Every structure is written in C-alpha cells, then in structure tokens.
There are 2 protein chains.
Amino acid sequence: MEEPVATGHVFIATSLDGFIARPDGAIDWLLAQPVAGEDHGYDAFMAGMDALVMGRGTFEAVASFEDWPYGVPVLVLSRQLVGTDVPARLRGRVRFADLAPAAAMALLAAEGAVRVYVDGGRVVQAFLREGLIADMVITRVPVLIGAGRPLFGDVARDVALDHQETRVFPSGLVQSRYRVAG
Amino acid sequence: MEEPVATGHVFIATSLDGFIARPDGAIDWLLAQPVAGEDHGYDAFMAGMDALVMGRGTFEAVASFEDWPYGVPVLVLSRQLVGTDVPARLRGRVRFADLAPAAAMALLAAEGAVRVYVDGGRVVQAFLREGLIADMVITRVPVLIGAGRPLFGDVARDVALDHQETRVFPSGLVQSRYRVAG
C-alpha cells in the first residue's frame, strides 16, 4: 500500500523588498495598507486546506490575538514548545511537535490531510528546501521596509517556479500564484 | 533661477527572492528564461532616458560585452575607476566620477538630462535612500536562487510606493511599475 501524501501550500504577504515582518515581528506596514473591501482570496485558500503547519514565532504571534483564527488542526513545529502545555483554550486544535518537515507532512498525511497550509518564513524555507511545497500565493505589498524577517532563504539549488496567475488590487497589492516545478 | 532637476528611473529584473545576480555576478538564471518573442518594454523605457548612472560592477560586466549597448551618456560612479582611463572605444560615451547620488544627478541635470536611468543594486539603493528615484519597473523572474546581490537594501525609513501597473508575460515574468511616493 502506498503511503498517503500531503502537499504544502503557501499563502503569504511580503513587502516589496521581501520581508514578512520587521526584525521584531511587527506587521504594522502590512496592516496600514488601504485594503478595505478587497478580497485577497485568503478565505477561499483556507477552505481548501486540511491542516496548518507553522513555527513558534507565528504561533506565539497568533496565540496573542483574542480569537484563534483557524478552523483546521494546527501543528506547531518547535523544539522549545514541545515539552510545554498547549494553552487550555487551544487544546484539541493545536499540537506542538519537534519534527522535521518530511516527518511533519507524513504525520499529517497519515491523519488524512491532503493539503497543508505552510506558514511563516523559516518554516516555508525549510519545507521548500525539502521539496514539500506544491504552490505559493505571494502578495506583494507596495512598500520597502529595509530590514526584517525574509520570506525566502538559502536553497540547495535553484527552485524553478511556474507562474500561474497574477491579480492586482486597487490598494496596489500584487498577488501572484506559482507552482513549484519538479 | 531654479536649478535644473533630473529624476531617476529604474528598470531591472530580479529573481523571486529579490536578487539581481548571483554572488559572483552571474545572471545565467535570467538568461535561461524562455522569453523569446516577448517585449518587456526595455527599448521603450530607454528611449525616454537622457543619461544612465551605474556602479563599477555593472560597468565592468557591460564593458566585457562585444558591443556597448547604450546610446545615452553613461556616468559610472566609482572611486576606484575615477583615476583610470576610460577604454578607448568608450571615450565620449562613458565617464568615471566619484560623486554622491545628489551630486551626480545635479551634474547630469546641469548638462540637460531630465530623465536618468539608474542601474545596479548598490546604486539603486543609494539613490533610493536619497529620494532620487521617481519610479521603478521591476520584473520578477520565476525562480529562487537563494543567494546573490540583492536589489534592495537598508532604508532610513519605510519607502511607500504607488503601484502603477503590472504586466504578465507568457514566460512567467511579472513586471510591475511603481512610483516612489512622497
């Protein structure tokens, strides 16, 4: 019997100079964009996802919000969190695990996940390096912030992408969808 | 009498991860794109330029080509080259100068230039920091190369951009034009 396989999918916004957050994690430059009334497709994207993988940074940022925004199971990859308790209000919705990207995907696939939302700069980079990302929706925000947490990082070899579509929004956001080739 | 003013304009291609060249300057990843038959607007852009400013790296790369590609006067900003002779075949077309961005623009404006093509990563970054760039045409190439010479660098404060238009090419290149706000 073949093992079940899950694919990784990215949906993320970056500054025009490639950062997903300032050095301290702030996304004020993103929240300041005049996007009222625009549908960037996030809900439609999420509706197609069976699970979500993120790192500690993203988890701690999101866990600080009043409402937990995710309806799918969340796997937080963190050596630091794995010995700690999931906050009571998130039990059953969040798990901490110290797993490499392929092992995390195998676990989620074994549980029935087919499409996995992969979020956060370091996690996206690690999953890209392991060939676990099928496609990426990247939304470019029209601002240069100069420094911060980059979306992309080292790659072992060039990663060719197939451009699928690009959408432009009145706010100036430019959203492109790429399939990861090979 | 008011001093004449020139504006800086950028037309440049980057990998999806924001590099204009590999660490050694190679652009094989760019030249490998299947762009035959596509008009990315470079000739039309150049036709509107009165002069070109670049750094030593860009100059040395272009000077190694068999044919000198530029019809407009080229100002090479380089402390290292300023004491050296311009190659004989480029005399009258190229000058070396050790000038700060604003002084370079003032010189070109005094000579009658109105629109100046600003090329090369470090030079673009320096002119952006000085508020000397009016607009940028950035062409995203659908490949991640992981490391190299970045288009953008530090900024003193956020640089807001106004998205003007985006064009998509069959090769997968996505070209956006931004006006630098304020």
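This one's a predicted model, so the numbers in the text were calculated from it and none came from an experiment. (Residues numbered from 1 in each chain as written. Chains lettered and ligands numbered in written order. Predicted model: local features only at pLDDT ≥ 70, side-chain atom pairs only at ≥ 80, totals over all residues.)

> Quick question: what am I supposed to make of the interface of chain A and chain B here?
By a widespread convention, an interface's size corresponds to the accessible area lost as its parts come together. The interface is formed by 25 residues belonging to chain A together with 25 residues belonging to chain B. Counting residues per element, the ones that place at least two in the side of chain A that touches chain B are strand S8 (143-144), strand S10 (159-168) and strand S11 (174-180) of chain A. Looking at the side of chain A that touches chain B element by element, the count peaks at seven residues for S10(A). Across the side of chain A that touches chain B, the residue classes tally to 15 nonpolar, six polar and four charged. Sheet topology note: the S8(A)/strand S10 (residues 159-168) of chain B ladder contains two bridges and is antiparallel. Across the sheet, Leu144(A) pairs through a bridge with Val159(B), a residue of S10(B). (Contact = placed C-beta atoms within 7 Å. Helix = DSSP H or I, 4+ residues; strand = E, 2+ residues; numbered from the N terminus. Nonpolar A, V, L, I, M, F, W, Y, C, P; charged D, E, K, R; others polar. Pairing = 2+ DSSP bridges.)

> Sorry, what's going on with the relation of the copies chain A and chain B here?
Mapping between the two copies of the chain is achieved by a rotation about an axis and a shift along the axis. When chain A is fitted to chain B, the residual RMSD is 0.0 Å, and the transformation amounts to a turn of 180° plus an axial shift of 0.0 Å. Such a turn and shift between the copies fits a two-fold axis. Taking C-alpha positions as reference, the residue of chain A nearest the rotation axis is Gly18(A), located at 3.4 Å. Looking at chain A, 100% of its interface residues are interface residues in chain B too, so the copies touch through the same face. (Least-squares fit on C-alpha atoms with pLDDT ≥ 70 in both.)

> Would you mind going over the nonpolar core with me for this structure?
A general feature of soluble globular proteins is that nonpolar side chains tend to end up buried together. One finds Val53(A), Val116(A), Val118(A), Val53(B), Val116(B) and Val118(B) to be the most contacted residues of the largest nonpolar core, which totals 98 residues. Leave out the neighbours within four places in its chain, and Val53(A) touches Leu75(A), Leu77(A), Ala104(A), Val116(A), Val118(A) and Val123(A). (Core = buried A, V, L, I, M, F, W, Y, C linked by C-beta atoms within 7 Å. Buried ≥ 20, exposed ≤ 12 C-beta atoms within 10 Å, placed from the backbone.)

> Honestly, the sheet that holds strand S4 (residues 74-77) of chain A in this entry has me stumped. Any pointers?
What links the strands of a sheet is backbone hydrogen bonding, and the strands pair in either a parallel or an antiparallel sense. One open sheet holds the nine strands; their spatial order is S5(A)-S4(A)-S3(A)-S6(A)-S1(A)-S7(A)-S11(A)-S10(A)-S8(B), and the pairing between them is mixed. Bordering the open sheet on either side are strand S5 (94-97) of chain A together with strand S8 (143-144) of chain B, each of which pairs with just one other strand. Note: strand S3 (residues 51-55) of chain A against strand S6 (residues 115-118) of chain A, three bridges, orientation parallel. Each residue of the ladder has a partner; that of Leu52(A), found in S6(A), is Tyr117(A). Against the sheet, helix H3 (residues 56-63) of chain A engages S3 and S4 of chain A, with an angle of about 105° to S3(A). Packed on one face of the sheet, helix H5 (residues 121-129) of chain A meets strand S1 (7-15), S3, S4, S6, strand S7 (133-141) and S10 of chain A and runs near 110° to S3(A). (Axes fitted to C-alpha atoms, helices over the stretch in contact; angles between N-to-C directions.)

> How should I be thinking about helix H5 (residues 121-129) of chain B in this particular structure?
Residue pairs spaced three or four apart in an α-helix point in one direction, given the helix's 3.6 residues per turn. All names here are of chain B. Judged by how many residues are buried, H5 sits mostly within the fold: seven of nine residues are covered. Buried residues of H5: Gly121, Val123, Val124, Gln125, Ala126, Phe127 and Leu128, and no others. With its phi angle positive at about 70°, Gly131 sits one or two positions after the end of H5.

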